[in-house]
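Overview (structure and organization)
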Amino acid sequence: GQIVFIALIYSKLILNQEISRLIRLLSLIFVVLFVLNVSFLQSFFKFHTFSYILGCFLIFFISIQYLKQLLNEKNWQPLKKLPFFWITIGNIIFYICSMFYMGSINYINDKNYDEFGSLISIFVYLFTSVLFILYTIAFLFNLNPKEK
C-alpha cells in the first residue's frame, strides 16, 4: 500500500501527463503482480521479496522522473522551498538501500544469518532514520512562523 500511495502522490506532482499516466499504469501492474506473487510464488506468510524489489524500482523510477521535472523547470527555486525534493531524496535512499536487505530477507531468515535481529537493526532502522531525517528537513524548511 505504501508504494502505491507514494506513486499516486507523485502522479499528481508530475506535470507531464504521459509520465503521470505511466505511473498510474505501473502502479496498477504492481498491485496485480503483488497479488500474483503472494498468491502463487511466495506465500502470504513470508515477506514478498519479489514484489518489494519491483516496488523499490518503481519508486526509484518515479523519483527520477520528479527530479528530471525539477531540473527542466525554467524558474529554479531554492531547495529549502521544495519539500518534495527532500522527500524524493529520502525515498531514493530508503528504497534503494533497503531493497538489498529486504529483498533477501527470506534467504537471511532461512539460513539463520540474522539470528538475533542485529542486521535488521542496523540496516532497516538506519535507512528509516535517514528517510525520516530528510522528511523532517522537508517539513522544517516549509514552516512559516508568524512574524510579530
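Not measured: the values here are computed from a predicted model. (Residues numbered from 1 in each chain as written. Predicted model: local features only at pLDDT ≥ 70, side-chain atom pairs only at ≥ 80, totals over all residues. Heavy atoms only, no water.)

**Some thoughts on the overall build of the protein chain**
For the protein chain, the count of helices and strands is six helices and zero strands. The dimensions of the protein chain, computed from C-alpha atoms along their principal axes, are 60 × 35 × 25 Å. With 148 residues in all, the protein chain has 36% of them scored as buried. Expressed as a percentage of contacts within the protein chain between residues at least 6 apart in sequence, the contacts between residues at least 24 apart total 66%. Approximately 9,900 Å² of the protein chain is accessible, and the part contributed by carbon and sulfur atoms is 70%. Averaged over its 11 positive side-chain charges, the protein chain has a centre that lies 13 Å from the centre of its 6 negative ones. (Helix = DSSP H or I, 4+ residues; strand = E, 2+ residues; numbered from the N terminus. Buried < 20%, exposed > 50% of the residue type's maximum accessible area, 1.4 Å probe, protein only. Contact = heavy atoms within 4.5 Å. Areas by Shrake-Rupley, 256 points an atom, 1.4 Å probe, with all protein chains shown as cover. Lys, Arg positive; Asp, Glu negative; His and termini not counted. Charge placed at Lys NZ, Arg CZ, Asp CG, Glu CD.)

**Examining helix α6 (residues 118–141)**
In this model α6 runs 34 Å from its N-terminal to its C-terminal C-alpha over 24 residues, within 8% of the 34 Å that 1.5 Å per residue would give. Where the residues of α6 are buried, they touch α4 (83–102). (Expected span 1.5 Å × (residues − 1).)

**Concerning the packing of helix α3 (residues 49–71) against α4**
The N-to-C vectors of α3 and α4 enclose an angle of 155°; their axes lie 9 Å apart at closest approach. Judged by the inter-axis angle, α3 sits roughly antiparallel to α4. Crossing of α3 over α4 shows left-handed handedness. Contacts between α3 and α4 involve Thr49, Tyr52, Ile53, Cys56, Phe57, Ile59, Phe60, Ser63, Ile64, Tyr66, Leu67 and Leu70 on the former and, on the latter, Phe84, Phe85, Thr88, Ile89, Asn91, Ile92, Phe94, Tyr95, Ile96, Ser98, Met99 and Met102. (Axes fitted to C-alpha atoms, helices over the stretch in contact; angles between N-to-C directions. Parallel < 35°, antiparallel > 145°, perpendicular 65-115°, else oblique. Left-handed = near helix turned anticlockwise from the far one by under 90°.)

**Topic: helix α1 (residues 2–13)**
Under the 1.5 Å per step criterion, the end-to-end length of α1 is 17 Å for twelve residues, consistent within 8% with the ideal 16 Å. The set of residues buried in α1 consists of Ile3, Val4, Ile6, Ala7, Tyr10 and Ser11. Buried positions in α1, seen along its axis, are confined to an arc of 160° and lie on one side of it. Along α1, exposed side chains directed more than 90 degrees from the buried face belong to Gln2, Phe5 and Lys12. Among the structural elements, α2 (17–41), α3 and α4 are those in contact with the buried residues of α1. (Arc of directions from axis to C-beta.)

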